[in-house]
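# Close look at the chain arrangement
Below are the chains, spelled out letter by letter.
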Amino acid sequence: MPSLHDQGSELTVRHGFPYLPTALAFDPVQKILAIGTRTGAIRMYPFLFKKFFTGALVSASADDTLHLWNLRQKRPAILHSLKFNRERITYCHLPFQSKWLYVGTERGNTHIVNIESFILSGYVIMWNKAIELSTKTHPGPVVHLSDSPRDEGKLLIGYENGTVVLWDLRSKRADLRVYYDEAIHSVAWHHEGKQFMCSHSDGSLTLWNLKSPSRPFQTTIPHGKIQRDGKKPESCKPILKVEYKTCKSSEPFIIFSGGLSYDKACRRPSLTIMHGKAITVLEMDHPIVEFLTLCETPYPNEFQDPYAVVVLLEKDLIVVDLTQSNFPIFENPYPIDIHESPVTCTEYFADCPPDLIPVLYSVGAKHKKQGYSNKEWPISGGAWNLGAQTYPEIIITGHADGSIKFWDASAITLQMLYKLKTSKVFEKQKLGEGKSTAEIVEEDPYAVQMMYWCPESRIFCVAGVSAYVIIYRFSKHEVNTEIASLEVRLQYEVEDIITPEPEIIPPFPDASSQLPSLKNLSGSTNTVACEGTMKDSIPCLSVKTRPVRMPPGYQADLVIQLVWVDGEPPQQITSLAVSSAYGLVAFGNCNGLAVVDFMQKTVLLSMGTIDLYGSSDPYQRQPRSPRKSKQFAAGREKKHSCCECATFYANDGMLLSLAPFSFLIINNCLSPFSVVSVKGSRKLSLPTDLKTDLENRENSFSRSRSSSVSSIDKESKETITSLYFMESFARKNDSALSPCLWVGTGLGMVLILSLNLPPNDDLRLTEPVMVSPSGTVLTLKGAVLTFACLDCMGALIHPPYEVWRDPNSTDDNEKTRKRKLVMHSPSASQDMGEHQFAVVCSEKQAKVFSLPSQTCLYIHNITETSFLLRADVVTLCNSVCLACFCANGHIMTLSLPSLRPMLDVNYLPVTDMRIARTFCFTNEGQALYLSSPTEIQRLTYSQEMCDNLQDMLGDLFTPVETPEAQNRGFLKGLFGGSGQTFDREELFGEATAGKASRSLAQHIPGSGGIEGMKGAAGGVVGDLARARIALEERGQRLGELDEKTASLMVSAEAFSKHAHELMLKYKDKKWYQF
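Going along each chain's sequence as written, the residues are numbered from 1 onward. Residue-level local features of this predicted model are given only where pLDDT is at least 70; pairs of side-chain atoms are given and counted only at 80 or more, and the full residue set underlies all totals for whole chains, interfaces and linings. Derived side-chain values reflect all non-hydrogen atoms in the structure, with water molecules and hydrogen atoms excluded from consideration.

### Some remarks on the overall build of the chain
Condition: The numbering of helices and of strands both runs from the N terminus, where a helix is a DSSP run of H or I of at least 4 residues and a strand a run of E of at least 2. Partly exposed describes any residue whose relative accessible area lies between the buried limit of under 20% and the exposed limit of over 50%, with all areas from a 1.4 Å probe on protein chains only and scaled to the type maximum. Accessible surface is estimated by sampling points in the Shrake-Rupley manner with a 1.4 Å probe; for residues, cover comes only from the protein chains shown.
A count of helical and extended segments in the chain gives 14 helices and 63 strands. A burial count over the chain gives 54% of its 1074 residues as buried. Accessible surface, the chain: about 48,100 Å² in total, of which carbon and sulfur atoms supply 52%.

### Observations regarding the nonpolar core
Threshold: In this description, a nonpolar core means a group of buried Ala, Val, Leu, Ile, Met, Phe, Trp, Tyr and Cys residues linked to one another through side-chain atoms lying within 4.5 Å. Contact between two residues is taken to exist if any of their heavy atoms lie within 4.5 Å; hydrogens are not considered.
Phe406, Phe460 and Tyr554 are the most contacted members of the largest nonpolar core, which totals 39 residues. Looking at this core, the element that brings in the most residues is helix H2 (residues 356-364), giving 5 residues. If we ignore the near neighbours within four places in the chain, the residues touching Phe406 are Leu360, Ile394, Ile395, Ile396, Gln415, Met416, Leu417, Tyr418, Trp453, Phe460 and Tyr554.

### Focus: the pattern of salt bridges
How we decide: A pair is scored as a salt bridge if a Lys or Arg side-chain nitrogen falls within 4 Å of a carboxyl oxygen belonging to Asp or Glu.
Going through the model one piece at a time under the given rule, you end up with 33 salt bridges. A salt bridge links Asp175 to Arg173, with the nearest nitrogen and oxygen atoms 3.6 Å apart. Take Arg173: its relative accessible area is 47%, and that puts it in the partly exposed class. A salt bridge links Arg819 to Glu802, with the shortest nitrogen-to-oxygen separation between them at 3.5 Å. Placement of the pair is Arg819 in the loop between helix H7 (812-816) and strand S52 (821-822) and Glu802 in strand S51 (residues 801-802), with a sequence separation of 17 residues. Exposure remark for Arg819: the relative accessible area of 11% places this residue in the buried category. Overall, the relative accessible area of 7% leaves Glu802 in the buried class.

### Here's the deal with the confidence of the model for the chain
Cut-off, in case you're wondering: For every residue, the predictor states its confidence as a pLDDT score lying anywhere from 0 to 100.
Of all residues in the chain, 76% attain a pLDDT of 70 or more, and the chain-wide mean is 79. In the model, residues 495-532 has pLDDT below 50 throughout and makes 54 contacts with residues more than four positions away in sequence or in other chains. Between residues 1010-1022, whose pLDDT stays under 50, and residues either more than four places distant or in other chains, the model counts 11 contacts.

### Re the pairing of strand S56 (residues 868-876)
Quick reminder of the rule: The pairing criterion is simple: DSSP has to find at least two bridges between the two strands.
Of all 9 residues that make up S56, 7 are buried, and the element is covered over most of its length. Pairing analysis gives 8 bridges linking S56 to strand S57 (residues 879-886), with the strands arranged antiparallel. The residue bridging Thr875 from the neighbouring strand is Val880, located in S57. Two successive antiparallel strands, S56 and S57, enclose a turn made up of 2 residues, where Cys877 displays a positive phi of approximately 55°.

### Considerations on H2
Three or four residues apart is the spacing at which side chains of an α-helix point the same way, because the helix has 3.6 residues per turn. Applicable threshold: This arc corresponds to the set of directions leading from the helix axis out to the C-beta atoms.
Every buried residue of H2 is accounted for by Leu356, Ile357, Val359, Leu360, Val363 and Gly364. Projected onto a plane normal to the axis of H2, the buried residues spread over an arc of 165° and lie on a single side.

### A few points about the sheet that holds strand S27 (residues 317-321)
Definition in use: Only the stretch in contact is used when fitting a helix axis, every axis being a line fitted to C-alpha atoms; angles between N-to-C directions are given from 0 to 180 degrees.
Reading across the sheet, the 3 strands line up as S25-S26-S27 and stay open at both edges, with antiparallel pairing between neighbours. With partners counted over all chains shown, the strands left at the sheet margins are strand S25 (288-295) and S27, one partner each. Ignoring which end each strand starts from, the neighbouring axes of this sheet average 20° apart. Looking at chain direction, S25 and strand S26 (residues 306-313) are connected through 7 bridges and run antiparallel. Directly across from Phe291, in S26, lies its bridge partner Val311.

### Overview of the sheet that holds strand S46 (residues 720-728)
In space, the 4 strands of this open sheet follow the order S46-S47-S48-S49, with antiparallel pairing throughout. The open sheet has two edge strands, S46 and strand S49 (770-779), and neither has a second partner. Between one strand axis and the next, the sheet turns through 25° on average, direction left out of account. As paired elements, S46 and strand S47 (residues 738-745) share 8 bridges and run antiparallel to each other.

### Digging into the packing of aromatic side chains
Where we set the bar: Note on aromatic pairs: the rings of Phe, Tyr and Trp (six-membered ring only in Trp) are paired at centre separations within 6.5 Å, and the planes decide the class, stacked below 30 degrees, edge-to-face beyond 60, tilted for the rest. Criterion for a charge above a ring: Lys NZ or Arg CZ within 6 Å of the ring centre, and within 35 degrees of the ring normal.
Counted under the stated rule, the structure contains 27 aromatic pairs. On the basis of an interplanar angle of 45° and a centroid distance of 5.9 Å, the ring pair of Phe406 and Tyr418 is categorised as tilted. You can see Phe406 sitting in strand S30 (residues 403-408) and its partner Tyr418 sitting in strand S31 (residues 415-421), a full 12 residues away along the chain. Note on accessibility: Phe406 and Tyr418 belong to one class, buried. Three or more aromatic residues joined by ring pairs form one cluster here, namely Phe349, Phe406, Tyr418, Trp453, Phe460, Tyr472, Phe474, Tyr554 and Trp804. Over the ring of Phe291 we find Lys241, and its NZ or CZ is 5.1 Å from the ring centre.

### Focus: the environment of Val803
Checked against the element boundaries, Val803 lands in the loop between S51 and H7. Judged by its relative accessible area of 27%, Val803 is partly exposed. Along the primary structure Val803 and Lys820 are separated by 17 residues, whereas in three dimensions their C-alpha atoms are 5.5 Å apart. Every residue in contact with Val803, bar those within four places of it in the chain, is listed here: Lys820 and Val822.

### Re the side chain of Ser475
Mapped onto the elements of the fold, Ser475 is located in strand S34 (residues 468-475). Residue classification places Ser475 among the buried residues on the basis of a relative accessible area of 0%. Each residue touching Ser475, except ones within four places of it in the same chain, is listed here: Pro552, Gly553, Gln555, Asp806, Pro807 and Asn808.

### Thoughts on the environment of Gln926
Here Gln926 shows up in strand S61 (residues 926-932). A relative accessible area of 0% places Gln926 in the buried class. Once the C-alpha coordinates of Gln926 and Ala883 are considered, the two residues, 43 residues apart in sequence, prove to be 9.9 Å apart. Beyond its immediate chain neighbours, meaning those up to four positions away, Gln926 contacts Tyr348, Tyr391, Glu393, Phe921, Arg938, Leu939, Thr940, Tyr941 and Met945.

### Some remarks on the environment of Phe84
Within the secondary structure, Phe84 sits in strand S8 (residues 77-84). We classify Phe84 as buried; its relative accessible area is 2%. Among residues more than four places away in sequence, those in contact with Phe84 are Asp64, Leu66, Ile89, Val103, His111, Leu120, Leu1000 and Ala1001.

### As for the pairing of strand S50 (residues 784-790)
Of all 7 residues that make up S50, 7 are buried, and the element is covered over most of its length. In this sheet, strand S53 (residues 836-842) lies alongside S50 in antiparallel orientation, the contact comprising 6 bridges. Paired with Thr786 across the two strands is Cys841, which belongs to S53.

### Structural notes on unusual backbone geometry
Here the residue pair Leu851 and Pro852 is connected by a cis peptide bond, since its omega of 10° sits within 30 degrees of zero. Among the secondary structure elements, Pro852 is positioned in the loop between strand S54 (845-851) and strand S55 (855-861). With a phi angle near 60°, Lys172 is a residue other than glycine that sits in the positive phi range. Relative to the assigned elements, Lys172 resides in the loop between strand S15 (163-168) and strand S16 (173-179).

See below:
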């Protein structure tokens, strides 16, 4: 993705697991890990087909290009690139402390690249020179390259067809060749350089001795069944990779992936660890992409002493502890499991109350998994920088399995604080038991659709795809209690249309191809009957009726469920709002609006959208038939009897009736879910292609906002798209503020409902709350997205809230303490008659109204050709602005209340519904979205944040002393290897090897030099710190050197004294006297 720093917006950090990983590399000195992905991205750990060398990273991409990355700066950048034109890269090998990279190709040739200059050497090992002249077939691509631990001048080349060649780089000829009749997948050396092991396509491992290359020294099929007649064991699945690591004090480790028997087709992907006679098979949850063994020494000619195995899976990264016999895994300190269940929605809170993070962590730490290794995480390189901005930040993710995760996102870190499982309030779904499969919720019935969190009161509310709302309260104490539940019948029916339009535009461009059965459902009063009795007045899920143990943390206070109506399932919830001060929760869908008092556990309002207008409806709707005689209670409580009938309080105390109901496709629904109801079943799908959805939204908008009255009449339903509780002026020219609920619809209409609350807190649990339409109607173009309220000075008025108190506290004072409300009333200098500003933003335009006069002061048409996906009123640098994200990829900010454009950046075209579903803004100029199914991308549009970002980023490269190689000893040096010194520079340099063909590879200079200068300029503090550490280390080494020098001088003097005495003793003796 492009960097937008110069345009006023910039990516900050990406969290999660790398999407579609393909390669893995580890630097044993710096102790940092690199993961390459199919999209071309490289993720580095611990800070957030590759080979490391000092302070740099070499990557090979699928387009046969080598890239050299500079890691010695804050933002790694490409220094050089080398594009191979005629051959495809299949394998790379960079020896430790070498600047020459070996590159194997699909044609079987081996090329050599100078890492410093990134120029191809003229030294080439051609495949026809490596194999015997008598061989008539091509050996296949190069699948392995490694230099001999015994002699760096010998290069081991493995070919796919089973040929292995030990090439003498000095004499430019093959020292030995081995042949095997099974394809080779990988090769591994013994540290002494006398043996090597190969893994093959038949699940076998062959061990070869350099002294007898004619046949394998040993052949084993670890997972093959031994035949009774003594024949060769049965073939198994290919062993894709093997590593052969020796130990000083125990048997060597042989670690490989694959190789399982074919008769166990259901076995999961596995990693096998052979240590002596013990064979341990570690089954994985996902396919293995790559694994690496971490050893105590980086030198290949020493005992390796492995201590861990890093296993890269398709959707996970695990590290296995080899030092313990049961091979436990290390606890991963990074947020790898964001995608444990698919993310369906996100919320982002910056500058939240500082006590929330430790509180959430304390309750979440009690539920952590056990059985991890007791050792420290081994990938420990790099250095973190928190920077100056350390205000608390929390990210909340909702998932398809009903779980909700709270993450600490302060600075640029991400750590999971607490996990909440909403599915625990429901009974488990069971197939059978007299119910057909079509009647049961399919595919993720607990998926979280939207969330609402009040950090100050710690009230948390969740809306699920199965048309339910759960209200949670936070408590530090465990409780065992029943879960209160309410059922709401929210319906709206249009039937017997008098003047039907014969040419109605279908809600989808090709409805017949996408949903063939919808033609029997739309515009009809006939309900869909399932097998057996028609479902009516029952919810999609069953709430647990028995007492439930709720651990400390968020505990379910009330479950509200929409019920089936005449065989039709309840429609998805499209808007949600909660007020802890009022004790109310409001939610709406395409049928209408429901308001529930969660303190008294009663339904206050359940009404069709059109009925909310009353006589104030600006459009002439089509005539509707008389309502059915059969009326149902709109709200019914399971465990409380205070709302047995459908009594809704209005101004005059009259009974508010419900509008009829019929099933139609949702056109104006803003929810990212696509919920399809066919024959009583309900299915949640998370679309990946947004093109069709964008067309639908545009078609829907063109129909909904047409100037023709008849086109308005065609809209059979008006979706509730936005809700907001605040203290405001409900009616025109009101003289006093009062509690209000602002309601926005898919047709761009804004309705204000008056809330009549008991006068004092003592009567709150006994006196009813009355909800009634005020008659105020405001209009915008496009579906309404968000509301906000400003005082007369332009400062944001926060909605009132209740200060948190523990509902299950054992302290008597806490139990008897009255509710403490923070109302955020206007400043004392304001008179009652003065105004406030109401900010309303739709998917097309933004308006600022002056209240109570309801005069439109400012209007700004945000987009004409597209529509907004997200809009939020946020605080930035002690001011307030409106942040918008458009479907065409633009991020825009508007000043408030004047609505002057301040920023317009073409950031990210929305090509995936996932981005539209998860994009959200927060305070301090930050935002996030799900950039892939496994990764969260954070960005900033704050100039201050952009300026400080350089110092907030960590350092990948830190000054680390390379470990010294062990002294091999005189005899080992004499008999254990080649006596010649190997100078790669002399052998591969241009003076000896000449220049490579220009047509073979093209050198492309990178931008790393410029970026390095920027990084050096921006990271002065880090450079000074590193310089200070380097000086301290240098002083320490000099001190140690002085001590060693003094010790050597004393030893030398003692040796000289003894030698002189020995000389005097034998000075006058003849040779035959000894």
